[in-house]
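# Coordinate analysis (summary)
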Amino acid sequence: MAKAQSVDGVDVRTMANAVRALAMDAVEKAKSGHPGMPMGMADAATVLFSQFLKFDPSQPKWPDRDRFVLSAGHGSMLLYALLHLTGYEDMTLDEIKRFRQLHSKTPGHPEYGHTEGVETTTGPLGQGIANAVGMAMAEAHLNARFGDDLVNHRTWCIAGDGCLMEGVSQEAIALAGRQKLNKLIVLWDNNSISIDGAVSLSDTTDQRARFIASGWHVLACDGLDGDDVARVLEAATKSDKPTMIDCKTVIGFGAPKKEGTAHAHGEALGAEELAAAKKALNWPYGPFEVPDNIRAAWLKVGGRGASDREAWQSRLALSPQGKEFKLTMSELTAEPAIAALALHARKMAAEKPALATRASSGAAIDAMFAACPELWGGSADLTGSNNTKPKAGADDFTPENRLGRYIRYGIREHGMCSAMNGMALHGGVIPYSGTFLCFSDYARPAIRLATLMGVRSIYVMTHDSIGLGEDGPTHQPVEHLAALRAIPHLYVLRPCDAVEAAECWQIALARNNGPSLLALSRQAVPGLRGDASVNLSAKGAYELLAAEGGASRVAIYSTGTEVSIAVKAREMLQAQGIPARVISAPCFELFDLQSDEYQDEICGDDDEIRIGIEAALGQGWMEAFGLHAFIGMTGFGASAPAKDLYEEFGITAEAVVDVAKDLLG
């Protein structure tokens, strides 16, 4: 039976107290933060990092490292203290002292890409545990593809009471249980306290029973007893299921007046209580002071993973799959798929098929899927509607078939998108999955975090307007495009035909520093583009049809299914002697990145009337294109055939013509 091991004569409690002290001091200096969680979980985290976690601070991005996720991100000083003590180069003592200060490496909640050793951005509770599920799924898939020599690591997660209260946690643990992710281990910081007070004020769930019901192995320990923690961590590594460990802890452990209370949760201890806590913990050192022997013990912990990493590098160098593995983990992995999509776009330009854009997206997936083994698809129980499963090469990912490239997420949009973020963060896969655009509301927190982290998650969201018809206003998105476009750095891509659908997929795959969302129609649209030699969608907006018979007097801006309405309106205006042009605008965000000269070219001059048309609310349109008028939705939709709804809400070519003529006078 495993026991907690001292390091060069320094026992676990003393090493843990170094973590506690740094957390207390940093929060006290900042006069802001959450000291209680690091104080309660320091012993468990010390045993994990010193005896079980496979990592190497000298190579933080080593592909076969264990992943550690602090889902309870408010306890960020636990992670920062561990990173500092184990020797991560950028986590200096000065950075610990700058906790929660502008431009520090120690923000209030851990931020991926900002601090080495932080595997994911956490803070919104529950996201971390769902990310961890995605990471474990990616490991299982890549392990099946490349074998134990190249991919064989665990995903560890510390989650708090709040993480387990959030609904996304249930979606995540149910998915993990179904997939039997035995290399996923979650340590629950069971301290029975939330910000308002005792957890029992709001929740009496039997968490152990809940995890067991979801297919997990459940263990329990005294989270303040290093030997007990070591015992359960060792047992967890031998399970054939994902494991949840109930670590019973005391929030603010060591603080005489505040431990075990909500006062230790989200506020500095205060000078008097901090001094009393250090005395109770037998830590007679000043602010941010760690004795040399304790610091040396921690650095030895940080150095122990180098031999594992070096052995892995040797195996990689000798492996016949080494070159393929390096490509898989690189940013170049999507290039063959992008090339395949270019060929497919030219084919669509020649054929001009009349298809729903969801069908055009499905055809694009078929065209590229074989070219990019890293593509990993799925759907939230809407496979046939989203058209996300290619016709060939996409067996289901299951415990029996880890090579499968299609994931059945079930009706779990939030958990799905959060898990996708974990997959993208892990590397080696490019996740895409589908649901209805209306249900992006369920997934919005995960989408927002994907943009904040800059990870390549691709969301395929169909049934994108009132055009879905008879399902009615509960399923018809009207505010969703505007709401999604409001998320900074999210590419919202709404193609108008099969060519643009292929181009939008190219954009999403080529973007390795952020997520993309494809908004796709249920109803068919005509093929409009006859030339696909250049990816025009990459400009965000472009002139689809120029004015004829003189300088343009009317410019019609539109996206998706409404572009064909704009084309018809132009024809009607031209027939009446009014030169008009059509601008397709599949991605506002990309248009905003273009030069001022290009934007001026697309937006025309002051003598031209600019009209927008989209079957959605108009927020954002005026700012994007300087419109004089917008034709779209002003409220919710209704249950009826799509054609009737467009007429009912006045989203027609005739309406565009009438508005244009009124404005021209």
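Anyway, here's the lowdown on the structure attached to this text. Every value quoted in this text rests on a predicted model; they were computed, and no experiment measured them.

### A word on the overall build of the protein chain
- When its secondary structure is counted, the protein chain shows 26 helices and 20 strands.
- Oriented by its inertia axes, the alpha-carbon framework of the protein chain measures out at about 90 × 55 × 45 Å.
- Taken as a whole, the protein chain presents about 24100 Å² of accessible surface, with 51% of it coming from carbon and sulfur.
- Taking the 61 positively charged and 82 negatively charged side chains of the protein chain as two groups, their mean positions are separated by 5 Å.

### Section: the pairing of strand β19 (residues 609-613)
- Most of β19 is tucked away: five of the five residues are buried.
- Side chains of β19 alternate between two faces, with I609, I611 and I613 and R610 and G612 buried alike.
- Sheet topology note: the strand β17 (residues 554-558)/β19 ladder contains five bridges and is parallel. Residue pairing across strands places I556 opposite I611, the latter belonging to β19.

### Some words on the packing of helix α2 (residues 36-52) against helix α3 (residues 76-86)
- The interhelical angle for the contact between α2 and α3, taken along N-to-C directions, is 40 degrees, at an axis separation of 9 Å. When the axes of α2 and α3 are compared, the pair comes out oblique. Read as a crossing pair, α2 and α3 show a hand that is right-handed. Across the interface between the two elements, M37, P38, M41, A42, A45 and F49 from α2 touch M77, L78 and L82 from α3.
- Along the lines of polarity and charge, the residues of the contact of α2 with α3 split into nine nonpolar, no polar and no charged.

### As for the sheet that holds strand β13 (residues 491-493)
- Pairing in this open sheet of six strands is parallel, and the strands run β10-β9-β11-β12-β14-β13 from one edge to the other. What marks the edges here is a single partner per strand, and that holds for β10 (406-408) and β13. With strand direction ignored, the average angle separating the axes of adjacent strands in the sheet is 20 degrees.
- Looking at chain direction, strand β9 (residues 375-379) and strand β11 (residues 430-436) are connected through three bridges and run parallel. Bridging across to β11, W376 finds its partner in P431.

### Overview of unusual backbone geometry
- In this structure, D8 takes a positive phi of about 50 degrees despite not being glycine.
- Within the secondary structure, D8 is located in the segment before α1 (12-30).

### What to know about the packing of aromatic side chains
- The full count for this structure, using the stated rule, is 20 aromatic pairs.
- Look at W376 and F397: their rings are 5.1 Å apart centre to centre, the planes differ by 80 degrees, and that puts the pair in the edge-to-face class. Of this pair, W376 sits in strand β9 while F397 sits in the loop between α16 (383-386) and β10, placing them 21 residues apart in sequence. In this structure, W376 and F397 share a single accessibility class: buried.
- The interplanar angle of 45 degrees and the centroid separation of 5.7 Å between the aromatic rings of W621 and F625 together place this pair among those described as tilted. Of this pair, W621 and F625 are both found in helix α24 (residues 621-625), four residues apart, which corresponds to roughly one turn of the helix.

### Side note on the sheet that holds strand β20 (residues 629-631)
- Taken together, the five strands give an open sheet; going across it, the order is β16-β18-β17-β19-β20, and neighbouring strands pair in mixed fashion. Each edge of the sheet is formed by a strand with only one pairing partner; in this case those strands are β16 (542-545) and β20. Between one strand axis and the next, the sheet turns by 30 degrees as a mean value, whatever way the strands run.
- Relative to strand β18 (residues 580-584), β17 is paired through five bridges, and the arrangement is parallel. By the bridge assignment, A555 is partnered in β18 with R581.
- Docked against the sheet, helix α21 (residues 563-575) engages β16, β17, β18 and β19, running at close to 170 degrees with respect to β18.
- The sheet strands contacting helix α23 (residues 596-603) are β16, β17, β18 and β19, and the helix crosses β18 at an angle near 130 degrees.

### Remarks on the packing of α3 against helix α11 (residues 292-303)
- Where α3 contacts α11, the two axes come as close as 7 Å, and the packing angle between them is 90 degrees. What the angle tells us is that α3 and α11 run roughly perpendicular. Side by side, α3 and α11 meet where L82, H84, L85 and T86 of the first sit next to R295, W298, L299, V301 and G302 of the second.
- Tallied by class, the residues present in the contact of α3 with α11 amount to five nonpolar, three polar and one charged.

### Description of the nonpolar core
- Core analysis: the biggest nonpolar cluster contains 128 residues, and L187, I245, W298 and L517 have the highest contact counts within it.
- Listed in part, the 47 residues of the second largest apolar core include I466, L544, A566 and A640.

### What to know about the environment of H414
- Examined against the element boundaries, H414 turns out to sit in helix α17 (residues 413-426).
- Looking at H414, the relative accessible area reads 14%, which means it is buried.
- For H414 and Q127, which are 287 residues apart along the polypeptide, the C-alpha to C-alpha distance reads 9.2 Å.

### What about the pattern of salt bridges?
- The final tally for this structure, using the stated rule, is 30 salt bridges.
- Ionic pairing is found between D464 and R494, a salt bridge with its closest N-O pair at 2.8 Å. Of the two residues, D464 is situated in the loop between β12 (458-462) and α19 (480-485) and R494 in the loop between β13 and α20 (498-510); the sequence distance between them amounts to 30 residues.
- In this structure R494 comes out as buried when scored by relative accessible area, which is 0%.
- R522 is paired through a salt bridge with E470; the nearest N and O atoms lie 3.6 Å apart. Residue R522 is located in the loop between β14 (516-519) and β15 (524-525), and its partner E470 is located in the loop between β12 and α19; the two are separated by 52 residues in the primary sequence.
- Taken together, the salt bridges that share partners define one network made up of D464, R485, R494, E562 and E614.

### Some remarks on the pairing of strand β7 (residues 243-248)
- For β7, a buried count of five out of six residues is recorded, marking the element as mostly surrounded by other parts of the structure.
- Both strand β6 (residues 217-222) and β7 contribute to a ladder of six bridges, which runs parallel. Across the sheet, V218 pairs through a bridge with M244, a residue of β7.
- Taken together, β6, helix α9 (residues 226-236) and β7 constitute a β-α-β crossover, and its handedness is right-handed.

### A short note on helix α14 (residues 335-351)
- For α14, which comprises 17 residues, the first-to-last C-alpha distance of 25 Å matches the rise-based estimate of 24 Å (1.5 Å per residue) to within 8%.
- Looking only at α14, the buried set comprises A337, A340, L341, H344, A345, M348 and A349.
- The secondary structure elements touched by the buried residues of α14 are α15 (357-368) and α20.

### Section: the state of the cysteines
- Taken as a whole, this structure holds zero disulfides when the rule is applied.
- The thiol sulfur of C221 is not disulfide-bonded, and the nearest other cysteine sulfur, from C247, lies at 3.8 Å.
- Between C496, a cysteine without a disulfide, and C504, which holds the nearest cysteine sulfur, the sulfur-to-sulfur distance is 8.6 Å.

The rules behind the values
Residues numbered from 1 in each chain as written. Predicted model: local features only at pLDDT ≥ 70, side-chain atom pairs only at ≥ 80, totals over all residues. Heavy atoms only, no water. Helix = DSSP H or I, 4+ residues; strand = E, 2+ residues; numbered from the N terminus. Areas by Shrake-Rupley, 256 points an atom, 1.4 Å probe, with all protein chains shown as cover. Lys, Arg positive; Asp, Glu negative; His and termini not counted. Charge placed at Lys NZ, Arg CZ, Asp CG, Glu CD. Buried < 20%, exposed > 50% of the residue type's maximum accessible area, 1.4 Å probe, protein only. Pairing = 2+ DSSP bridges. Axes fitted to C-alpha atoms, helices over the stretch in contact; angles between N-to-C directions. Parallel < 35°, antiparallel > 145°, perpendicular 65-115°, else oblique. Left-handed = near helix turned anticlockwise from the far one by under 90°. Contact = heavy atoms within 4.5 Å. Nonpolar A, V, L, I, M, F, W, Y, C, P; charged D, E, K, R; others polar. Phe/Tyr/Trp six-rings, centres within 6.5 Å; stacked < 30°, edge-to-face > 60°. Core = buried A, V, L, I, M, F, W, Y, C linked by side-chain atoms within 4.5 Å. Salt bridge = Lys/Arg side-chain N within 4 Å of Asp/Glu carboxyl O. Right-handed = clockwise from strand over helix to strand, strands pointing away. Expected span 1.5 Å × (residues − 1). Disulfide = S-S within 2.5 Å.

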